[in-house]
Every structure is written in structure tokens, then in C-alpha cells.
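One letter stands for each residue in the lines below.
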There are 2 protein chains.
Amino acid sequence: QGTRDHSPAQAALRERLLGAVVSCFKRHGAAAIDTPVLELRETLMGKYGEDTKLIYELQDQGGELLALRYDLTVPFARYLAMNKVNNMKRYHIAKVYRRDNPATTRGRYREFYQCDFDIAGQFDPMIPDAECLKIVHEILSDLQLGDFVIKVNDRRILNGVFAICGVPESKFITACSTVDKLDKVPWDEVRSEMVGEKGLSPEAADRIGEYVQLHGGLELIERLLQDPKLSQNKLAKEGLGDMKLLFEYLTLFGITGKISFDLSLARGLDYYTGVIFEAVLLQQENEHVEELVGVGSVAGGGRYDGLVGMFDPKGRKVPCVGVSIGIERIFSILEQKLKASGEKLRTTETQVLVATPQKQLLAARLKLISELWDAGIKAEMLYKKDPKLLKQLQYCEDTGIPLAAIVGEQELADGVVKLRDVSTREEVRM
Amino acid sequence: QGTRDHSPAQAALRERLLGAVVSCFKRHGAAAIDTPVLELRETLMGKYGEDTKLIYELQDQGGELLALRYDLTVPFARYLAMNKVNNMKRYHIAKVYRRDNPATTRGRYREFYQCDFDIAGQFDPMIPDAECLKIVHEILSDLQLGDFVIKVNDRRILNGVFAICGVPESKFITACSTVDKLDKVPWDEVRSEMVGEKGLSPEAADRIGEYVQLHGGLELIERLLQDPKLSQNKLAKEGLGDMKLLFEYLTLFGITGKISFDLSLARGLDYYTGVIFEAVLLQQENEHVEELVGVGSVAGGGRYDGLVGMFDPKGRKVPCVGVSIGIERIFSILEQKLKASGEKLRTTETQVLVATPQKQLLAARLKLISELWDAGIKAEMLYKKDPKLLKQLQYCEDTGIPLAAIVGEQELADGVVKLRDVSTREEVRM
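Keep in mind that what you see is a predicted model, and the values were worked out from it rather than measured.

### Thoughts on the UniProt feature "binding site: L-histidine" (unreviewed entry) in chain A
Residue and element names in this part refer to chain A.
1) Next: UniProt records the feature "binding site: L-histidine" (unreviewed entry) at D71, L72, T73, R98, Q114, D118, R267, Y271 and Y272, using the numbering of this structure.
2) Next: Inspection of the secondary structure puts L72 in the loop between strand 3 (66-68) and helix 3 (73-82).
3) Next: Ignoring sequence-local partners within four residues, the contact set of L72 consists of R90, H92, A94, V96, Q114 and D116.
4) Next: Along the polypeptide, D118 turns up in strand 5 (residues 111-120).
5) Next: Excluding residues within four positions of it along the chain, D118 makes contact with F76, M88, K89, R90, Y304, V321, G322 and V323.
6) Next: A polar contact is formed between the side chain of D118 and the side chain of R90, at a distance of 2.8 Å.

In C-alpha cells form, the structure reads like this:
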């Protein structure tokens, strides 16, 4: 339940998609690492808040207590701490596991791929953070998924807002998770959850509402930096200062058109400490997509400066910022687009089929195909002793093989091969 | 225990190795599929004989009872049966899991990659089987691992030998597993295990010994086809007939020089029904390898015509033949070779570092690098506001970046970039 096989057509589409993502990660100088699917249970515990219950545990068959990884971020932090690495720009594409309620039509599975790019190290502020946003922008543009916006916020700004609105610090995290719903439900509902369920005062909720419904660009950052209350809060001021720097860098990258500083963005995970961001596809008319798949966020990430320290015996900190591309949702969209377009994706790369028009010519086929393979040419033949020529040509059409190399009795006698272009039916002897 | 992280250097070496294997599989027209790491427990039970105890089981957290896959062959058979596929040439490269005693220096892990290529379908005899051997030959030649031999046998021949030597059918499998040790221990020891532990009569053991110590080529097949006893056994006769055909095809492929028909080859798994094979690296003097790693088999496979039927509700059979490349052992060898050679494998593909020779030029770097990324050029910069030029050039040397694009005040004023070849120190303004 919640897992799936990939057919050759799906595997081919996934290869194309991952190829685009990997080529972007490599363009930015990232190295690959790999970590086990299995982690010690204790490594994963206490990192995912309430979602810890979604972790798959292995049966105790003697030896270590193991679990399946929940994401690639915690294993990365564990890797950095264990190997005492202080600097690293890495990508990692691999499967992760969550005992969640699957919603497979919307691309939510229990086993799914994550595509992560992270920069670890002590650097000057916002330079790696800006690169993460540039990467999201490049990938979403490359994949031609339609219009999108990348929402940006900072945990420090959000916590500053809560503080000046009179929320006690113990309620920051729960207030955060309520604010995070603002992209799905109207403010009224969020407000009543704050007051009713979370126990904030109506006045505090109203004051929060004035802030978290704001979104904009540089001018909003400037305005908040002038805000008499917010500018008095140390954390918020730091966050706003960095946000301004971020927008400067994003302006130099030429991508601010797709960036929205959005105070309602909160992100679920506990470990974020600074900038957070999330890319959302915008609904649109699209002639190729009949029914719109309910996708929301297709990439997200942020800064987590405390996580590596949790795995270091001496608590040594390695600041990190990273982005995760929501490859399963993107895959669902591309799959649907492909289906609607009627395009047939080839599942193999075979360049030529070695064929014979008469019987008793298997030896000739085996000799020729062997020469082709040894020359690095992608070649196939049918596994029949005496297949009909029509069947062989039909196989080319079915699987998209562009050429047939035909050896018949005449060709053998003349020492040539007849090369046929399957679509035009043109033939040359060579 | 028995798992490992891959550092960037290891991940880069693995990418190179898997690239060579995948390119061979694609050259032979294989499509990729993917299946979950998780399988239903019942799918895996009763497929691996004694090794069933090595399967990792997941804890019962409610819902289905799950286990981690043990190999890629059983999931492939399950896939074919579930999707009613009758024909498929596929490759699958993924991790599998075994609760075995790890011997990591010899490349034996609890989590490891398998690289499988299989051909499923009802075809004329030995044509796909011959292609599997061709693939092993191509991959081992490509990877330049030194001299190797591919041992070939047939389960039907082996069972025929047991039958005519007076072994009761109930002891075929256990006799098989004893014979399989002949590549590691001398015949005397194998014989005493047969008589002592397995309860065969001394006469039966001696008669078996006369056969299973034989190895050779076409002439041996011909000789056994004339053997008065063996040629009377229906299964053995079939097996020998097919073996002869196989050698004909392998002759056309030009690879019989590396093939040995070896009657001692038995292979562990229960599901083989016909041809079986195993590639072994031959010990050799090699100036690059100081200490020889204890590798044996680096590829193996065979025909399994009954496995798919075990998953089909109607028992519908789909004959299969396939090969698994022992990628972890090969990886160990390549890693050791690389270390001995002193060659440093690059872990990134960055083509150019964007650098500045003076302070206050971060904006210029960000603008230029953004242009390079948008043009598809793999580019990096240091995440410092004002790094020293020496540090930037040192980074190029450390990570193998061949070019530095330098923008200083003069270049900015002139509207040019200084492109420096890091190794020759040549510079051009452009």
C-alpha cells in the first residue's frame, strides 16, 4: 500500500526528470553522496516532531534497532557529524519512507524519491541561501511546469511577530503550524483555530493577523524594518536584515519576479532556524491538461543551523541550508501531461534492429549484431531462429527503433548490409 | 553494521562504474523498471531456501506484513506475473538487503547494489541465454579488471549426472551444494562431505567425481553426448544439446576463449532450471594492486523458467534468463586500484570558478555566475564576500576546476572577463 512499481514507460519518464534535476545540481558544483536506507532508530527519533509516528521500524531480529529513513536531511546531518565534515555542497537522490496515508493520485506515496541539494559550512550570510533559490528557479523553469512563485520567509521573523503580539514562547511552534494553513484556508478560520484550539487571546490573534497576511518584495521588507514594534525585536530585526540581503542577491540573479516574501509561510519541520522557502505552482489554463492535479508545493527548504550539532558528541555546529525538490508531485504532473499529449516516450535507446528476410540466417544475424555491440552501437534482434521480416519491422515501429540492418542471402553473397530507415522505408546497401 | 555511507569520492567512482554497466544494458536494448524496496513478506517466503532467515522483516505497525527485498529477481518475477507481462528485456539497478555476516573488506555488505539484466519470454532456445553471456563478457572487458573466465553449466546436466551415479532425487539439491564447493576446496574434501555428511555411497561419490571434475569446451560436450550412460538420461541429453547450441552461438559472438563448460558449477539458488553461469576473475600479477582482494565470482546468473508461475494465480509460466553483475566486489577492486594508482577522481564536474581579485566585488561575481548557470555552464564561486584570489585559485586546484573566470575592477571597467587556465596559468581577456 502506498508503494508502486515503475513500468518501463514510467522509469523512462523518471530518468528524464531526474536527469534534468541532476544536471542542475551538477551545474552548481554539487558532489553526490549516498547513505543507507537503514538508519539506527535512535538517529531518527526526536527529529520530526509529531511525524515520528510515521517512521517505519524494522523488526528486532537481534543486533541493532533499525528504521527506514524518513528524509535525506537527517542522514546528511548524521553523515557530516560522523565524518567531521565542515564544508560540503552535496546532492542526494534516493527513496525515503513514511507510514503516511497515501494519496497516490496526488503523488503522495509511502515510498518516494527525494531530491536534495544542501550547502553545509560557515559562510557569509545569504550567499548559499540565495543559490538554493536560484536552483529552484532553474529547475522549475527547465521543466516547463507553468507559472510558479517561490514564497520566502524567515523563522526568526515569524518568531519575532509572535513575540511582539504577546504569544508566549512555549506556543511559538503550535502557532507556527496554525499560520502554515493560511495558504489553504481563509484568515477567519486560522484565527478561530488560534483562539479556540491553541488558546491565544483574540487580541494576540488579531495582531498576528495583521502581519501574517502580508506578502510582497523589497518594499515590504523596508516597511517592516521601520515597523516600530517589530524592529525592536532582536530576532525579527536580524531576520529582516538578512531578508533584505537575500533580495539584493536575488536581484543580481534576476529572479525576484518569481519570489514573494510571504509572512504566512511557516513550514512544518522543527529544525529550521532561519530562511525558509517553498515553491508553489500557480493554477492555470493548460490545453494539455484536462483535469488539474491537486498539486501545491513542488519544492521547499530552508536553513537548519542546529541539526548537525545534535549528532556531534561535542555539539560542534555546522550551519546548513538546503532545498528538496518535490519530485513525486512533479512526476505526476509530467505523467499526466505526457498522457494528454499522446506522445509516446521510448523505453529503450536501441538504434538498429538486425533483421533477416529469409530463413536459416540466424548465424548471420548473430555475427552482425555482435560486431555492432562491440562497436558501441545499440542493437537488438528478435530471439527467434526464423522470424518473418514483417514481424521484425513491426517490432521497430512498436518500440521506436529508427533503423533496420537487413542481411539476406543476396547481401551475404555481396558482402553488404541493407540499412533501412524504418519511417521513410528508404534503403541503402553498405 | 554491514552498511556504509558513500563519500563524494566513492559516489563518483560508483557513478562511473554503474555508467559502464548501464551503457552495456542499454546497448542490448533493455528497458529499466523500478520496484519498491518493500515487498509483502509472503512474496519473499519460500524462494531462497535456507537463506530465508537472512531476510529483513519490518515491524508489524498495523497493516501489511512487510520485508526488505533480498534480490531483484523475485520482485521482477512478481512484477511480470502481477502485470501479466509475457515479454520483457529489462535491467534494474538497486539496493537489496541481507542479514548476512558482513565481510566489508571483501565487498560483502548487508545493504548492497545489484545490477540485473533479464530476458523474459518464450523464445527459441539459447538465443537470449547466449546474449546474457555476451553481456558479462562485454562488461568485464570494458572495466579492465584483468583476465577472467565465465564458467557455464546446466542444472539439467548436473541432475542427470546425479541420477546416473545413483543419487536419489531427494538428495539432488544437497549434492548440488556440496559440488558447488569444488572451486574452493579439493575433490577429496568434497568427496568426504558427500559420503560423511550427505550420506551418499562411496561408489556414487566416486562416480560423481569423474564427471564434476571435467571442464572444457565444445569437445567435452561432444564427448559427453557420446557418454553411454549420460546420453541415456533425458534431462542430461537435453542440457547437453542446448549447451552445444550455446557454444555455437558464443562462437559466432567470438567469445568462447573466455568460456569454460565446467561440470562443478552448481550455483546456490533453488530457482534455476537450465543454463547457469558464473564469471570469475583470475588471480594475476598486477603492478597497481599491492594486496590482492579476495574476490571470486563477479557475475552470475542462469535460467529460471518456473519462478514467474509461482506468482501467477493460474500458474502461467514465463521462461526467464538473466544475469546479475557483482557490482560491490567490482567496486572494491576498482577502489583499491584507484588508491594504488594515486589518481584523484573528481567529485564534481565544475568547469569554471568565478573569482574576484579585489574586495567589494561580490555583486560582479553573482551577476557573472548567474549568466554562466543560465547558459548551462557548470560554475562555482566561494561563499565569501571578499575571498583572497589565492584562496580561490587554491580551491580550483584542490577540486580540479580547470578554469577561473576573474572579474576585477579593471575588467569591470573594460567590460571583459579574464579567463585563466588553472594548470598553465595562461590568461586571456574576453
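Next comes the rest of the account.
### Some thoughts on the domain arrangement of chain A
One widely used convention gives an interface's size as the accessible area the parts lose upon coming together.
1) Next: For chain A, the assigned domains read domain 1 (8-341) and domain 2 (352-429).
2) Next: Just the C-alpha atoms count here: the centres of domain 1 of chain A and domain 2 of chain A sit 52 Å apart.

### Here we look at the packing of aromatic side chains
1) Next: Inspection of the entire model under this criterion finds 16 aromatic pairs over all chains.
2) Next: Between Y271(B) and Y272(B) the ring centres are 5.3 Å apart and the planes differ by 65°, which places this aromatic pair in the edge-to-face class.
3) Next: Its relative accessible area of 9% is what places Y271(B) among the buried residues.
4) Next: Counting every residue linked through ring pairs, the aromatic cluster contains F25(A), Y91(A) and F117(A).
5) Next: Residue placement shows R98(B) over the ring face of Y70(B); its charged tip is 3.9 Å from the ring centre.
6) Next: One residue, R99(B), lies across the ring of Y56(B), its end atom 5.8 Å from the ring centre.

### A look at the state of the cysteines
Residues and elements named next belong to chain B.
1) Next: One pass over the structure, following the stated rule, counts 0 disulfides over all chains.
2) Next: Free cysteine: C165, not disulfide-bonded; nearest cysteine sulfur from C176 at 13 Å.
3) Next: Judged by its relative accessible area of 1%, C165 falls in the buried class.

### Digging into helix 5 (residues 155-164) of chain B
All names here are of chain B.
1) Next: Among the 10 residues in helix 5, 9 count as buried, and that is most of the element.
2) Next: Burial in helix 5 covers these residues: R155, R156, I157, L158, N159, G160, V161, F162 and I164.
3) Next: At its buried positions, helix 5 is contacted by strand 6 (148-154), helix 6 (172-179), helix 8 (202-212), helix 10 (234-253), strand 8 (259-262) and strand 9 (275-281).
4) Next: Capping the start of helix 5 is the job of one residue whose side-chain oxygen sits 2.8 Å from the backbone nitrogen of R156: D154.

### Some remarks on the sheet that holds strand 13 (residues 379-380) of chain B
Through backbone hydrogen bonds, the strands of a sheet pair up, either in parallel or in antiparallel fashion.
Residues and elements named next belong to chain B.
1) Next: The mixed open sheet is built from 5 strands, whose spatial order is 13-12-14-15-16. Two strands bound the open sheet, and with one partner strand each, they are strand 13 and strand 16 (427-429).
2) Next: Bridge analysis of strand 15 (residues 418-421) against strand 16 gives 3 bridges, and the strand direction is antiparallel. Pairing of K418 across the sheet is with R429, part of strand 16.
3) Next: Strand contacts of helix 14 (residues 389-399): strand 12 (352-355), strand 13, strand 14 (403-406) and strand 15, with the helix running at about 175° to strand 12, the strand carrying the most contacts.

What counts and what doesn't
- Note on numbering: residues in each chain are counted from 1, in written sequence order.
- Ligands are numbered from 1 and chains lettered from A, in the order in which they are written.
- At least 70 in pLDDT is required for a residue's local features to be given in this predicted model, at least 80 for side-chain atom pairs to be given and counted, and no such filter applies to totals for whole chains, interfaces and linings, which use all residues.
- Side-chain metrics in this entry use all non-hydrogen atoms of the structure; hydrogen atoms and water are not considered.
- UniProt positions are given in the numbering used here, feature names are shortened, and annotations may be inferred rather than shown by experiment.
- Secondary structure elements follow DSSP: runs of H or I no shorter than four residues count as helices, runs of E no shorter than two count as strands, and numbering proceeds from the N terminus.
- By definition, residues are in contact when any of their heavy atoms lie within 4.5 Å.
- Counted as a polar contact is a pair of N or O atoms within 3.5 Å, where, for protein atoms, one must be capable of donating a hydrogen and the other of accepting one, and residues adjacent in sequence contribute only when both atoms are in side chains.
- Residue ranges for the domains originate in an automatic or database domain assignment.
- Stacked, edge-to-face and tilted labels apply to pairs of Phe, Tyr and Trp rings (six-membered ring for Trp) whose centres lie within 6.5 Å, assigned for plane angles under 30 degrees, over 60, and everything in between, in that order.
- Each residue is placed in one exposure class: buried if its accessible area under a 1.4 Å probe, protein chains only, is under 20% of its type's maximum, exposed if it is over 50%, and partly exposed if it falls in between.
- In this analysis the charged atom, NZ for Lys or CZ for Arg, is taken to sit over a ring once it is within 6 Å of the ring centre and within 35 degrees of the ring normal.
- We call a pair of cysteine sulfur atoms a disulfide when they lie within 2.5 Å.
- Here, any two strands with at least 2 DSSP bridges between them count as paired.
- Here the axes come from fitting lines to C-alpha atoms, over the contacting stretch only for helices, and the angles between their N-to-C directions go from 0 to 180 degrees.

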